[in-house]
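Architecture at a glance
Single-letter residue listing:
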Amino acid sequence: MTSIQTDPIEKIARIQWLELQKQLLYLQKNSGFYKKLFKEHKIDVSKIKTEADLKLIPITTKEDLQRYNEDFICIPSEEIIDHVTTSGTLGSPVNFALNEADLERLALNEMQSFELIGVKKGDKVQITTTLDRRFIAGMAYFLGLRKLGAGIIRTGSGMPHLQWDSIARFKPNYLVAVPSFLLKMIEYAEANGIDYKNSSIKAAMCIGEPLRDQNFELNALGRKIKELWPIELFSTYASTEMATAFTECKYHTGNHIQPELIYTEVLDDAGNPVKIGEIGELVITTLQVQTMPLLRFATGDLVSYTNEVCKCGRNTKRLSPILGRKKQHIKFKGTSLYPQHIIDVLMGFDAVSNFIVIVQKDDMGMDSLLIKISKSISDMDLNNLKQHFQAQLHVIPKIALVNDEKINNFKNPLGSRKPVMFLDLRN
Ligand SMILES: [Zn+2]
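What you see is a predicted model, and the numbers here were worked out from it, not measured in a lab.

1. A closer look at the nonpolar core
- Of all hydrophobic cores here, the largest spans 113 residues; its most connected members are Phe114, Ile342, Leu346 and Ile373.
- Looking at this core, the element that brings in the most residues is helix 6 (residues 136-148), giving seven residues.
- Lining this core are residues from two domains, each supplying at least three of them: domain 1 (1-326) and domain 2 (329-424).
- Aside from chain neighbours lying at most four places away, what touches Leu346 is Val352, Phe355, Val357, Ile371, Ile373, Leu385 and Phe389.
- In this structure, Ile356, Ile358, Val402 and Leu423 belong to the second largest nonpolar core, which totals six residues.

Encoded structure:
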């Protein structure tokens, strides 16, 4: 194991804090956006020595990043190598950039992520996500695996036939995949007589969609995959802005933080740190980033954390899966929900083959929920589904039966890196 992850907790904290102070001085010197912010708020970064001091620095928002995008760039433009965009889950995509050192840092982060799930030199990993489309992660997987010395098969996204052909040819033992795509691969294998249960694949590193709930149990999607294809499923959580992935180890009890690469805070609505196990918004400060470092950036993602020592021997904090996105909070008939709750119910219901969840404002300005599902469902199953909603969420959303084609048009918009299962039409 490389990294400082198995060092004593105090040593990890000391190293992390040193990196944080280095990053603060770097921002003071090189970042147009943060220079201005420090000046306006009379912040002397050399005096930031404790968590309490750090709290004096205002939060950076997604809107800041969108509005003052170029002011975040700390290096001359000719030093930029990789130009990418954010996923745009909560708005339009934002430009991001990386230089040579950032790509090296990304490789280190991803190498350590693969080590977390047990990949070694000699293993082969098939990357079933896109490597292009301005996507930071596809390149990160390649760089991380290269650094680790593992074998790589770059099949790219979609094309189940090419995935299975590559598995037959190269015998990879790991996949990198969006979980719902694993279901597509299983469907294709079943339809084409491929003996997928005895393939070379033993595990998948999953991105883009949560696989587990707050108690680290598999959610409906995770269970569905595992029942059909009993490979080991690992969650990761990452974003372009964070330029860092958090990955779970073989004990599956949260996504390990790589403390030399990122500083994390989990804050309540008033900006105070939440207690262990409580839910708050993840606020991050990237460490060792040169091109577009972010300081106290509010991700909008709701998580909890634990710092119990992990059985794997790493003494690093671990984050829960994303439990919701702050902006996607839904108040429906007095019940507080996040899209993931609804998606979980639908995913756990076999008679629903295809769906999309839509939230909009009604005439009274209240949140209303509409679920479009494939009209292949029987009346009995539809009734059961409603009862299922009542039992699990205590509310029954409006359900419309439509053609698969209509759902698929929504689900796979041009350029999307994963299927869209939730549409927010409130703004
Ligand atoms: Zn662990």
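2. Describing the pairing of strand 4 (residues 151-154)
- Where strand 3 (residues 124-127) meets strand 4, four bridges bridge the pair, whose relative direction is parallel. Each bridged residue has a counterpart across the sheet, and for Ile127 the counterpart in strand 4 is Arg154.
- Regarding topology, helix 6 serves as the crossover connection from strand 3 to the parallel strand 4, and that connection is right-handed.

3. Quick look at the layout of surface pockets
- Approximately 560 Å³ is the volume found for the second largest pocket.
- In terms of lining residues, the second largest pocket is bounded by 22 residues, among which Gln16, Glu51, Tyr263, Thr264 and Lys317 are the most central.
- For the lining of the second largest pocket, a count of residues per class yields 13 nonpolar, five polar and four charged.

4. Re empty space enclosed by the protein
- Inspection of every chain in the model, using the stated rule, returns two cavities of 30 Å³ or more.
- Considered as a void within the structure, the largest cavity measures approximately 70 Å³ in volume.
- Lining the largest cavity are Phe96, Ala97, Leu98, Asp102, Arg105, Ile136, Thr240, Ala243, Val289 and Met292.
- Counting only elements with at least two residues in the lining of the largest cavity, the list comes to strand 2 (95-98) and helix 5 (100-117).
- Top element by residues in the lining of the largest cavity is strand 2. It accounts for three residues.

5. Re unusual backbone geometry
- Notably, Arg134 is not glycine yet its phi reads approximately 60 degrees, a positive angle.
- Residue placement: Arg134 occurs in the loop between strand 3 and helix 6.
- For Phe216, which is not a glycine, the phi torsion comes out positive at approximately 65 degrees.
- Relative to the elements of secondary structure, Phe216 occurs in the loop between strand 6 (203-206) and helix 9 (220-228).
- A relative accessible area of 22% places Phe216 in the partly exposed class.

6. Quick look at the domain arrangement of the chain
- When its domains are assigned, the chain resolves into domain 1 (1-326) and domain 2 (329-424).
- Taking only C-alpha atoms, the centre of domain 1 and the centre of domain 2 are 28 Å apart.
- The partner domain 2 presents 13 residues to the 21 residues of domain 1 that form the contact.
- Across the domain 1/domain 2 interface, buried area totals approximately 1,400 Å², and carbon plus sulfur atoms make up 51% of it.
- Taken as a group, Arg133, Ala220 and Lys224 account for 29% of the area that domain 1 buries against domain 2, more than any other trio of residues on that side.
- The interface formed by domain 1 and domain 2 includes zero salt bridges.
- Viewed at the interface, domain 2 and domain 1 are joined by two residue pairs in polar contact (both at pLDDT 80 or more).

7. Quick notes on the sheet that holds strand 3
- Ordered by their spatial adjacency, nine strands build an open sheet running 4-3-5-6-7-8-9-14-13, and the pairing between neighbours is mixed. On the outer flanks of this sheet lie strand 4 and strand 13 (305-306), each paired with one strand and no other.

Basis of the calculations
Counting restarts for each chain, with residues numbered from 1 along the sequence as it is written. Where local features are concerned, this predicted model is filtered to residues with pLDDT of at least 70; where side-chain atom pairs are given and counted, the filter is 80 or more; whole-chain, interface and lining totals use all residues. The side-chain quantities take in all heavy atoms of the structure and omit both hydrogens and water. Nine residue types can take part in a nonpolar core, namely buried Ala, Val, Leu, Ile, Met, Phe, Trp, Tyr and Cys, and a core is a set of them joined through side-chain atoms within 4.5 Å. Relative accessible area decides the class of each residue, using a 1.4 Å probe on protein chains only: under 20% of the type maximum gives buried, over 50% gives exposed, and in between gives partly exposed. Helix numbering and strand numbering both begin at the N terminus, where a helix is a DSSP run of H or I of at least 4 residues and a strand a DSSP run of E of at least 2. Throughout, the edges of the domains are those of an automatic or database domain assignment. We call two residues in contact when some of their heavy atoms are within 4.5 Å. Strand pairing is defined by DSSP finding a minimum of two bridges between the two strands. A crossover counts as right-handed when, viewed with the strands pointing away from the observer, the path leading from the first strand over the helix to the second turns clockwise. The way it works is a 1 Å grid over only the protein atoms, where trapped points that fit a 1.4 Å probe form a cavity and open points with protein on both sides within 12 Å along at least five of seven lines form a pocket, and then any residue with an atom within 4 Å of a point lines it. Grid points are joined across faces, edges and corners, and a volume is the space filled by probe spheres set on the points. Each residue receives one of three labels: charged for Asp, Glu, Lys and Arg, nonpolar for Ala, Val, Leu, Ile, Met, Phe, Trp, Tyr, Cys and Pro, and polar for the others, Gly being one of them. Buried area: the accessible surface (1.4 Å probe) lost by two parts on joining, summed over both. We define a salt bridge as a contact between a side-chain nitrogen of Lys or Arg and a carboxyl oxygen of Asp or Glu at a distance within 4 Å. Within 3.5 Å is the distance limit for a polar contact, defined as a pair of N or O atoms, with the added protein rule that one can donate a hydrogen and the other accept it, and that residues adjacent in sequence qualify only through two side-chain atoms.

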